[in-house]
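# Overview (structure and organization)
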Amino acid sequence: MDPSKNWAVFIHPSTLKLESFVETLLEPVICRETAKKIELGLHEALVNAVVHGNLSNPNKVIRVRRILTPNWIVWQIQDEGLGIVEDKRVCCLPLNIDVNSGRGIYLIHKCFDDVRWSRRGNRLQLSLRK
């Protein structure tokens, strides 16, 4: 990323091979402890975008805009899906914690200082206070 810019756009294929992509997105996070927490949240959000948004379609992509401000680092993650309905955007653990899915949104909310959805529900904005 050009240091004179305060934002960058990244495009990643709709695949679960996310390790190096997440590392790239984390570059501005200096604190190792914070980076580990954010890594979990970003990974959960990207997996949701691939699996639930793009329905694991390899012909689709995930777009991430990373924005740096004096006080925040912001990641906007957008998939090509129809979006998640509002009542599914809830930040709580499922009643049955042994189920195979349903914990991702809860974990995302625990990892970031601010979480917002686009009206359509196919773009998630995750913000970390510096």
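What counts and what doesn't
Residues numbered from 1 in each chain as written. Predicted model: local features only at pLDDT ≥ 70, side-chain atom pairs only at ≥ 80, totals over all residues. Heavy atoms only, no water. Buried < 20%, exposed > 50% of the residue type's maximum accessible area, 1.4 Å probe, protein only. Helix = DSSP H or I, 4+ residues; strand = E, 2+ residues; numbered from the N terminus. Arc of directions from axis to C-beta. Contact = heavy atoms within 4.5 Å. Core = buried A, V, L, I, M, F, W, Y, C linked by side-chain atoms within 4.5 Å. Pairing = 2+ DSSP bridges. Axes fitted to C-alpha atoms, helices over the stretch in contact; angles between N-to-C directions.

## Topic: helix α3 (residues 104–111)
Of the residues making up α3, those classed as buried are Gly104, Ile105, Ile108 and Cys111. Relative to the axis of α3, the buried residues are bounded by an arc of 125° and lie together on one face. At its buried positions, α3 is contacted by α2 (32–53), β4 (114–117) and β5 (123–129).

## So, the nonpolar core
Counting 28 residues, the largest nonpolar core has Leu42, Leu46, Val64, Trp75, Ile77, Phe112 and Leu126 as its most contacted members. Mapped by element, the contributors of at least two residues to this core are β1 (7–13), α1 (19–25), α2, β2 (61–68), β3 (72–78), α3 and β5. It is α2 that provides the largest number of residues to this core, a total of seven residues. In this structure Trp75 touches Leu25, Val29, Ile38, Leu42, Val64, Arg65, Arg66, Phe112, Leu124, Gln125, Leu126 and Leu128, once residues within four positions along its chain are discounted.

## Focus: the sheet that holds β4
The five strands are arranged β1-β2-β3-β5-β4 in an open sheet whose pairing can be described as antiparallel. Edge positions in the sheet fall to β1 and β4, since each of these pairs with one other strand and no more. Averaged over neighbouring strand pairs, the angle between their axes works out to 15° when direction is ignored. By the bridge criterion, seven bridges tie β1 to β2 in an arrangement that is antiparallel. Along β2, the bridge assignment pairs Pro13 with Val61. With respect to the sheet, α2 is in contact with β2, β3 and β5, its orientation differing from that of β3 by roughly 20°.

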